[in-house]
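A closer look at the structure
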Amino acid sequence: MPEAPEVPLPERIETFQSSFALDLQPRWLLQRPDGSWDPALGQAWGVRHRPDWHRRGLIIVPRGGREQWLRLSLACPPRWRSLAGVARARLVLRWWAEAVELRLDTTPVHRGDLFDSACRWVVPGDWWHRRTLELELRLRSPLHDDGALVHSRIELEPLDADDPHGLLQPRWAELAALRQRHGVSAACGGGLHVLGHAHLDLAWLWPVADTWQAAERTFSSVLALMERFPELHFAHSTPALYAWLQTHRPALFARLCEAVAAGRFEPINGPWVETDCVLISTASLLRQFQLGQQWSRCVFPTLQHNLAWLPDSFGFGAGLPAVARATGVSWFCTHKLAWNATTPFPHRLFRWRSRCGSELLALMTAPIGSGADPLDMEQYRLQWRQATGLEQALWLPGVGDHGGGPTAEMLEQLALWQRQAQRGAPVAGQTHGSLRAYLQQLEPLAPQLPIWRDELYLELHRGCATSRPDQKRHNRSLERLLREADLARSLAGQGAGSDWKPLLFQQFHDILPGTSIPEVFEQAGPQVRQARRQSRCSRDKALIRWLMGGRTTGLSPAASSRPWWLAQLQPLESRPACLRLPGGGWSLEGCSLASQPARAGGVWVQIPGLSGVAAVQIDQRMDEHATGQTCPVGEERVRDPVTVTLEEDGFLIGNRWVRFRLGPRGVQQLWGSDGREQLSGPLDFRRYRDCGEFWDAWDIAADYADHPLPWCWHGRPELLEKGPLCVSFLWRGHCGSSAVRLDGRLLAGSRCLELTVTVDWRQRHELLRLEVPLATRACRWAADTSGGVIERPAAPLTPREQARWEVTAVSWLCSVAAAGQDPGGLAVLLDGPQGVSGADDRLGVSLLRAPTWPDPAADNGYRRQRLALRPYCGTWSSAEVPAEALRLREPLWCRPAPVDGLNAAAPWLPRIQPGLVFVSVRPGSEWTWLAVQNLSPRRRRLELGPRWRLMERTDGLDQPLDPQPSRQGLGLLRPWEIGFWRMEALPGAQSS
């Protein structure tokens, strides 16, 4: 994506009063409605509505796709005519516009847009000989922002690079003054490592199909330029892009590989795509790096693939170094933290360390989409020198966002100023080369670099966790299905894993955050649905094969009964679970199961707990209870039943683990098993005005809390179900023109109160939030993130802490009590990634937004958000809050059995030790590959019981670690560490 408007618009107003440059801004004319022409600069609308731009000398076009035609008659100044034959004149333009067209005598000579936003057009040679050029410039403003002609001028440059007439001397003087302002001698050396680059978003303001065409144009252009400019080196990321070229454009891909072999075209591949790094699960982040690294090593085997190139992602979770390092990555590069809105990021070159101790060398790069202006280049080099003490900086010339790369104009300008540097100009000399060569010379500096032990939080784009909730729902459901399919295939002994590529592609940093045009999501929807169907089918077939012991015959159950299979597909502790099943009586091993009629049809049935990855068979009998209208069967055997007590102004509802008071103001109080009050007031649903941000779908307005909007509940909550297995309630209301429905449910044996918010969302530029007021003040609050867990202070003190007023949680957040208080707190469990906040007196969840750009109806429609409140004792780790979030998001697998009986020899997976969570289980041709993370501050040992054996410790790419640890330490995990193993089912445990 391009920089915010303050970035492409220059900070300085360059009038170029020198004798070899001519400022054209005051000369453009704009036609009035009556046909007359007025100066375009200083039009009344721009002066009134954009005084900041007017002061900077911009010609302004009102937003909304408005078009303006500018006209200019340009004659060669008499004093320049003697330079004909020794100088070249360039028309230098820069704009902020959705579409631009430059015409000479009504003939188009150049076109551009928001991404290709500048040109250095060579003025025809006959202009020197008294020809007046009739120029027209069409500007169409963006829909979401005012447009502008930022600058326009004529610059002269010498045809002879030695510049015998001193045409470049005024620029020399500016460069010398720039160095002087930085306290650097004009004669001081220093250089730039120049590498062509073309940032290419896989989708954004264009659909994916357009991306393939842009990639083809970009790479063809770069390969052609390499023939003209032998010094040019070029780098580009994204294995998914190269894989598409390899399949669909083999001839172009073959030319590209020849340039790779010659060392001039450099794949800088890390993850499969330039992924979002805060909204996805640890399993997805791991698969991004695994697939990207494995593909790159296979297709480009002569290169070392140790780099994560993520220049434009919207922040990075603190666990990314651990995941990336496990897959062979040692370098991390981004530019995005330069976008921080309030506190500049303090480092340009540093060591980024995760909580487990894994480290990456990190580089904050030059701006992507840069040009070849010597002042910009020298300004950046001097800033780099001041921040790092190093003389040579990396520079990345090339049109970006929609591809493009370096242009001939840029390369000519670079060559011109390289010659000036050789002649002694106060400008950095250039070395063209690869990114790997540049990073290699920085590696010896690692011991002396500062260490960053935190997330890389982007102080901008805080709304991306909330915009387009449908994309987050698609992502989390496909993540679960793929993980379950891989687990099922491992249990069934099937060698091939699932295809994660459709999911990983949709995790691109402008798709999953919901910041693209509608066409992107219209095309993504069918692809995700197809991937879900395939994953679900693969999972179900593998589970049935596993449960049948490999049998493929005898698939008709006996007529006297209809057995069902239930499977828990996470290695969790045994705990009773309540499910809604078809009506009838249900039994397990001949014993009737407790049941309760369900309001939505069927019956609630309590299933005894399953320990680890396991399955049971339950039988359905069509008896006198089939209608679901009689008393519950086996009610006396209900574990931790739900009770309802009528109070003066509401109901007290609870089981052994959690109780809550339901009254006229909704959920008014909540208690855990220790009896401590958790809320200082009722759960508070709020609505705010949220507008005025430039990046609409990306950003929540920083002052949203100052603009509350009305909210109305209709009456008081009503009980829908009342029984020992399930008590549920409903509360209706509206906010603006949007109908709201809140459903609450407490199940027998459950340790959390489940809430579902359903909204027919019709608002514009509004924010819907849930505020959870805390009875006990917190000193910290914790939330999970991609690759781990982050704890933050509840009362932020520093500007950097205060800037994190909205962050992303993947599946849960919780309050943490201060030292000296009784340990414990309140956790909010999420059904998927959300924008959240924490303070000493409350937790908050952003549920819905309503941006209008780039998708005019981004969040509108029926939206359903699930979450749960879980009081806990002790620490969040000892209370296994991450496992509780898994139970909410990943229900039991439940299907009619095609045959009676389970495979007793199936290699079950036991419950893993507290504090450990499964990241992934992948089948291989011979082995099963396991990844587990220790989410606790203590060492933990992974034990898989008598049916499985850990064979050896590996890295994230399935390569054995050297040296091999002792058998005693094979399953040991340090605090917060991710471990990888090869494991196998023991003889006699695997099904036939």
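Just so you know, these numbers come straight off a predicted model, no measurement behind them.

Reading the values: rules and limits
Every chain is numbered on its own, with residues counted from 1 as its sequence reads. With pLDDT at 70 or above as the cut-off, local features in this predicted model cover only qualifying residues; side-chain atom pairs require 80 or more to be listed or tallied, and sums for whole chains, interfaces and linings still use all residues. Excluding hydrogens and water, the side-chain values take into account all heavy atoms of the structure. Working definition: helices are DSSP H or I runs of at least four residues, strands are E runs of at least two. Numbering for both runs from the N terminus. The span expected for a helix works out to 1.5 Å for each residue beyond the first. Burial classes follow relative accessibility: with a 1.4 Å probe on protein chains only, a residue under 20% of its type's maximum area counts as buried, one over 50% as exposed, and anything between as partly exposed. In this description, one arc is meant: the one made by directions from the helix axis to the C-beta atoms. Each Phe, Tyr or Trp ring, with Trp reduced to its six-membered ring, pairs with another whose centre is within 6.5 Å; inter-plane angles below 30 degrees give stacked pairs, above 60 give edge-to-face pairs, and intermediate values give tilted ones. Whether a charge sits over a ring depends on NZ of Lys or CZ of Arg being within 6 Å of the ring centre and within 35 degrees of the ring normal. Pairing between two strands requires that DSSP report at least two bridges joining them. Residue contacts are counted whenever heavy atoms from the two residues lie within 4.5 Å of one another. Interaxial angles span 0 to 180 degrees and are taken between N-to-C directions of axes, which are lines fitted to C-alpha atoms, for helices over the stretch in contact. For salt bridges, the criterion is a side-chain nitrogen of Lys or Arg within 4 Å of an Asp or Glu carboxyl oxygen. Buried Ala, Val, Leu, Ile, Met, Phe, Trp, Tyr and Cys residues that are joined via side-chain atoms within 4.5 Å together make up what is termed a nonpolar core. What counts as a disulfide here is a pair of cysteine sulfur atoms lying within 2.5 Å. pLDDT measures how confident the predictor is about each residue, on a scale from 0 to 100. With respect to orientation, any angle under 35 degrees is reported as roughly parallel, any angle over 145 as roughly antiparallel, any angle of 65 to 115 as roughly perpendicular, and every other angle as oblique. Left-handed is the label given to a crossing in which the near helix is rotated counterclockwise from the far helix by less than a right angle, and right-handed is the label when the rotation is clockwise. Charged residues are taken to be Asp, Glu, Lys and Arg, nonpolar residues to be Ala, Val, Leu, Ile, Met, Phe, Trp, Tyr, Cys and Pro, and polar residues to be all remaining types, Gly included.

**Comments concerning the environment of Ala254**
Mapped onto the elements, Ala254 comes out in helix α6 (residues 250–261). For the pair Ala254 and Leu442, spaced 188 residues apart in sequence, the C-alpha to C-alpha distance is 32 Å.

**Overview of helix α3 (residues 169–181)**
With 13 residues, α3 ought to run about 18 Å at 1.5 Å a step, and its terminal C-alpha atoms sit 18 Å apart, in line with that. Turning to α3, its buried residues number three or more, namely Arg171, Trp172, Leu175, Leu178 and Arg179. Looking down the long axis of α3, one finds its buried residues gathered within 120° of arc, a one-sided arrangement. In α3, the exposed positions that point more than 90 degrees away from the buried face belong to Gln180 and Arg181. Following α3 by one or two positions, Gly183 adopts a phi angle in the positive range, close to 70°.

**A look at the packing of aromatic side chains**
Overall, the coordinates contain 39 aromatic pairs when judged by the stated rule. Ring geometry for Trp698 against Trp853: centres 5.3 Å apart, planes inclined by 40°, an arrangement best described as tilted. Taken together, the residues span a long stretch of sequence, with Trp698 in the loop between β34 (684–689) and β35 (708–709) and Trp853 in the loop between β48 (842–849) and β49 (861–873) at a distance of 155 residues. Of the two residues, Trp698 and Trp853, both sit in the buried class. Among the aromatic residues, those joined into a cluster by ring pairs are Trp96, Phe115, Trp204, Trp206, Trp339, Phe694, Trp695, Trp698 and Trp853. In this structure, Arg355 is placed above the aromatic ring of Trp976, and the distance from its NZ or CZ to the ring centre is 3.7 Å. Over the ring of Trp671 we find Arg659, and its NZ or CZ is 4.8 Å from the ring centre.

**Notes on the sheet that holds strand β15 (residues 265–267)**
Adjacent strands of a sheet pair through backbone hydrogen bonds, lying either parallel or antiparallel. Taken in spatial order, the 3 strands of this open sheet run β13-β14-β15, and their pairing is parallel. Taken across any chain shown, the strands that pair with only one partner, and hence form the sheet edges, are β13 (196–197) and β15. When β13 meets strand β14 (residues 234–236), the two strands line up parallel, connected through 2 bridges. Bridge pairing links His197 to Ala235 in β14. Against the sheet, helix α4 (residues 208–228) makes contact with β14 and β15, and its axis sits at roughly 160° relative to β14, the strand it touches most.

**Structural notes on the pattern of salt bridges**
All chains considered together, the criterion is met by 71 salt bridges. A salt bridge links Asp855 to Arg468; the nearest nitrogen and oxygen atoms lie 2.5 Å apart. Of this pair, Asp855 sits in the loop between β48 and β49 while Arg468 sits in the loop between β22 (451–452) and α12 (469–491), and the two are 387 residues apart along the sequence. With relative accessibility at 9%, the residue Arg468 sits in the buried group. Each of Arg88, Arg90, Arg120, Arg153, Glu155, Glu157, Arg228 and Glu412 takes part in one network of salt bridges that share partners.

**So, the side chain of Thr365**
Position of Thr365 relative to the elements: it lies in the loop between β19 (359–364) and α9 (374–388). For Thr365, a relative accessible area of 6% translates into the label buried. Beyond its immediate sequence surroundings of up to four residues, Thr365 is in contact with Trp309, Cys333, Thr334, His335, Tyr380 and Leu396.

**Looking at the nonpolar core**
Membership of the largest hydrophobic core comes to 132 residues, with the highest contact counts inside it found for Phe265, Leu320, Phe332 and Trp352. Sorting elements by how many residues they give to this core places α4 first, with 9 residues. Not counting residues up to four positions away in its chain, the partners in contact with Phe332 are Leu307, Ala308, Leu310, Phe316, Leu320, Trp352, Leu360, Leu361, Ala362, Leu363, Met364 and Leu456. Core analysis: the next-biggest nonpolar cluster, separate from the first, contains 56 residues, Leu742, Val757, Leu826 and Val845 among them.

**Quick notes on the state of the cysteines**
As enumerated under the stated definition, the model contains 0 disulfides in all. Left without a disulfide partner, Cys333 is nearest to the cysteine sulfur of Cys277, which lies 13 Å away. Overall, the relative accessible area of 1% leaves Cys333 in the buried class. Summary of cysteine pairing: Cys726 is not part of a disulfide, and the nearest cysteine sulfur, belonging to Cys578, is at 7.8 Å.

**Concerning the sheet that holds strand β10 (residues 133–140)**
An order of β3-β2-β5-β10-β7-β8 is seen for the 6 strands of this open sheet, with the pairing classed as antiparallel. Two strands in the sheet have a free side with no partner beyond their single neighbour: β3 (37–39) and β8 (107–113). This sheet shows a mean twist of 25° between the axes of neighbouring strands, independent of strand direction. Sheet analysis places strand β7 (residues 99–104) next to β10, joined by 6 bridges and oriented antiparallel. By the bridge assignment for β10, Leu104 is matched with Leu135.

**Structural notes on the confidence of the model for the protein**
Mean pLDDT for the protein: 92, with 94% of residues reaching 70 or above. Scored below 50 in pLDDT, residues 1–17 makes 59 contacts in the model with residues more than four places away or belonging to other chains. Throughout residues 624–631 the model reports pLDDT below 50, and contacts reaching past four residues in sequence, or to other chains, amount to 11 contacts.

**Remarks on the packing of α12 against helix α14 (residues 518–547)**
The contact between α12 and α14 brings their axes to 8 Å, and the two run at 25°. Here α14 runs roughly parallel to α12, going by the angle between their axes. The interaxial crossing formed by α12 with α14 has left-handed handedness. Side by side, α12 and α14 meet where Gln471, His474, Ser477, Leu478, Arg480, Leu481, Leu482, Glu484, Ala485, Ala488, Arg489 and Leu491 of the first sit next to Phe521, Val528, Ala531, Arg532, Ser535, Arg536, Ser538, Arg539, Ala542, Leu543 and Trp546 of the second. Its residues placed into classes, the contact of α12 with α14 shows 12 nonpolar, 5 polar and 6 charged.

**Some thoughts on helix α7 (residues 282–299)**
Counted at 1.5 Å a residue, the expected span for α7 with its 18 residues is 26 Å, and the 26 Å between its end C-alpha atoms agrees. Counting buried residues in α7 gives 14 out of 18 residues, a clear majority hidden from the surface.

**Focus on the pairing of strand β18 (residues 349–353)**
Of all 5 residues making up β18, 4 are buried, and the element is well covered by its neighbours. With 5 bridges connecting them, β18 and β19 associate as antiparallel partners. Bridge assignment links Arg351 to a residue of β19, and that residue is Leu361. Where β18 folds back on β19, the antiparallel hairpin that results is connected by 5 residues, among which Gly357 adopts a positive phi of roughly 105°. Two elements, β18 and β22, share 2 bridges in a ladder whose sense is parallel. Each bridged residue has a counterpart across the sheet, and for Arg351 the counterpart in β22 is Ile451.

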